[in-house]
Amino acid sequence: MMQSQMETRVIEVDMPGERSAVYREVAELLRAGSVVALPTETVYGLGADAFCEAAVAEVFAAKERPHFDPLICHLWSAKALKDIADVPAELQELVAKLAEEFWPGPMTLVLPRKACVPDIVTSGLPTVACRVPRHEVMRGVAKALGHPIAAPSANRFGHISPTSAQAVLKELGGRIPLVVDAGACSEGLESTILQPCLDEKGKPAVRLLREGPITRERLRGICRVLKPGKGGPAAENPAAPGQLPSHYAPHKRLILCDPKEEFTPPDPALSYGLITYQGTSPLAAQEGWASVMALSPGSGRLAEAAVRLFAVMRAMDEQEEVQVIVAETLPETGLGCAMMDRLRRAAAERS
């Protein structure tokens, strides 16, 4: 079990531009069984050599993550997919199309695993989640290591995902030895997770397991998109990260509210802070908020809101004058679907 307190070192990496010496240093730490927080274009991940079971166990320990929740394996290139996944012949053309279109990038594919992938990475499932990140640092370290990097988000389990090195330190400082700081993440939402499959007519399709930056609209240009469970039996345990009803949650209670409706505090004795989309809604104009923070001030751009979502949630969670967080519901188109998925899980009752 990982020590409860240790010194957490930070290495700053200027982007863009390859930093081979840093990649080699981090790869050596991973090869020796250590864990390291690394940036991706989506969120910061807590990485371990995917083939080192003891190191992967340290990831679960640092995050206090349940072992039934599988991890994503980050690859340096689509060429490395064959090292950990067996793509069925009937799905090879579809997987190749998806990889060509969206890799490197924020797309994760859930595919039949090879025997070399440890059970702890996949939570004992017959599938493995695979991704080729766009971020130079994660990909560069994976190439230097020569193995996939198993990496969930670098935060305590169920909490708000970190989009900066500072957020990682707030979550895991003293629990992990190293954070590689390459600035803020460009996407701000975790990857879209897809499971290639055959639909009820036997044609290649994808089952959408988690909404993310690769939207349904973009996917429909390539293949049919099925909802989780449609076209095949639903898994008893999560087939991929981010499937649990309560996830991405602040420490404080979070309530969702329609921006066109008036908010009535369930407990008037408490103070409420508002996360608003643009800051121009009737809800935002309502008096009595202890704090108001906008995801896309004035402009209402979903891409900007997506990048800022977790950072704003974390900032509101840290404001002493706010006891309960209220978040406006967002338009459920494009990236709005992914953001509403995160907000609904953040607002879900915790067990």
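Further up the page is the structure itself.
Every chain is numbered independently, its residues counted from 1 as its sequence is written. Since the coordinates come from a predicted model, pLDDT governs what is reported: local features require at least 70, and pairs of side-chain atoms require 80 or more to be given and counted, while whole-chain, interface and lining totals use all residues. As a convention, hydrogens and water are excluded, and side-chain values are obtained from all of the structure's heavy atoms.

Visitor: Just checking my understanding: could you explain the sheet that holds strand β15 (residues 324–328) for this structure?
Guide: Strand pairing in a sheet takes place through backbone hydrogen bonds and is either antiparallel or parallel in direction. When DSSP finds two or more bridges between a pair of strands, those strands are recorded as paired. Helix and strand assignments follow DSSP, with helices taken as H or I runs no shorter than four residues and strands as E runs no shorter than two, numbered in order from the N terminus. Within the open sheet, the four strands sit side by side as β12-β15-β13-β14. Their pairing is parallel. With partners counted over all chains shown, the strands left at the sheet margins are β12 (253–257) and β14 (291–294), one partner each. The mean angle between the axes of side-by-side strands here comes to 20 degrees, regardless of whether they run parallel or antiparallel. Sheet analysis places β12 next to β15, joined by five bridges and oriented parallel. Looking at β15, one finds that Ile255 is bridged to Val326. Whether two residues are in contact is decided by their heavy atoms: any pair within 4.5 Å suffices. Only the stretch in contact is used when fitting a helix axis, every axis being a line fitted to C-alpha atoms; angles between N-to-C directions are given from 0 to 180 degrees. Here helix α9 (residues 302–317) sits on the sheet and contacts β12, β13 (272–276), β14 and β15; the angle it forms with β14, its principal contact strand, is near 170 degrees. Helix α10 (residues 335–347) contacts β12 and β15 of the sheet and is inclined by roughly 130 degrees relative to β12.

Visitor: Looking at this structure, I do not really get unusual backbone geometry. What am I missing?
Guide: Negative phi values dominate among residues other than glycine, just as trans dominates among peptide bonds. Here the residue pair Trp103 and Pro104 is connected by a cis peptide bond, since its omega of -5 degrees sits within 30 degrees of zero. Within the secondary structure, Pro104 sits in the loop between α3 (92–102) and β5 (107–112). The phi angle at Glu64 is positive, at roughly 60 degrees, despite the residue not being glycine. By the secondary structure assignment, Glu64 is in the loop between α2 (53–63) and β4 (72–74).

Visitor: I keep staring at the packing of aromatic side chains and nothing clicks. Help me out?
Guide: Centre-to-centre distance and the angle between the planes together describe a pair of aromatic rings. Note on aromatic contacts: the rings of Phe and Tyr and the six-membered ring of Trp form a pair at centre separations within 6.5 Å, being stacked when their planes are under 30 degrees apart, edge-to-face when over 60 apart, and tilted otherwise. In this structure the tally under the stated criterion is three aromatic pairs. Ring centres of Phe263 and Tyr272 lie 5.3 Å apart, and the angle between their planes is 65 degrees; on these two criteria the pair is classed as edge-to-face. Here Phe263 and Tyr272 have matching classes, each one buried. Aromatic ring contacts, followed pair by pair, group Phe263, Tyr272 and Trp289 into a single cluster. Exposure is judged per residue with a 1.4 Å probe applied to protein chains only, and the accessible area is read against the type maximum: over 50% gives exposed, under 20% gives buried, and values in between give partly exposed.

Visitor: Please clarify how the pairing of β13 should be interpreted in this entry.
Guide: Put simply, side chains in a regular strand alternate between the two faces of the sheet. Within β13, five of the five residues are buried, which leaves the element mostly enclosed by the surrounding structure. Burial along β13 is two-sided: Tyr272, Leu274 and Thr276 facing one way and Gly273 and Ile275 facing the other are all buried. Pairing of β13 with β15 involves four bridges; the strand directions are parallel. Bridge assignment links Gly273 to a residue of β15, and that residue is Ile325. When β13 meets β14, the two strands line up parallel, connected through four bridges. For Ile275, the partnering residue across the bridge sits in β14 and is Met293.

Visitor: Honestly, the side chain of Thr127 in this entry has me stumped. Any pointers?
Guide: Secondary-structure assignment places Thr127 in strand β6 (residues 127–131). The class of Thr127 is buried, set by a relative accessible area of 15%. Each residue touching Thr127, except ones within four places of it in the same chain, is listed here: Val110, Leu111, Pro112, Arg113, Thr122 and Gln195.

Visitor: I would appreciate a short explanation of the pattern of salt bridges in the present structure.
Guide: Once their charged atoms are close, side chains differing in charge can pair, the charge on each being opposite to the other. The term salt bridge refers to a pairing of a side-chain nitrogen on Lys or Arg with a carboxyl oxygen on Asp or Glu at a separation within 4 Å. All told, the structure shown has 20 salt bridges when counted by the stated rule. Between Lys260 and Asp258 there is a salt bridge, with the nearest N and O atoms lying 3.5 Å from each other. In the salt-bridge network here, residues are joined through shared partners; they are Glu190, Asp341, Arg342 and Arg345.

Visitor: What is the right way to look at the environment of Glu187 in this model?
Guide: Here Glu187 shows up in the loop between β8 (178–181) and β9 (192–198). Each C-alpha atom, one on Glu187 and one on Asp258, is 25 Å from the other, the two residues being 71 residues apart in sequence. Not counting the four nearest positions on each side in its chain, Glu187 is found in contact with Glu41, Thr42, Pro106, Arg134, Pro213, Ala306 and Val307. Here Arg134 takes part through its side chain, which lies 3.1 Å from a polar atom of the side chain of Glu187. Whenever two N or O atoms come within 3.5 Å, that pair is a polar contact, provided that in protein one can donate a hydrogen and the other can accept it, and provided that, for residues adjacent in sequence, both atoms are side-chain atoms.

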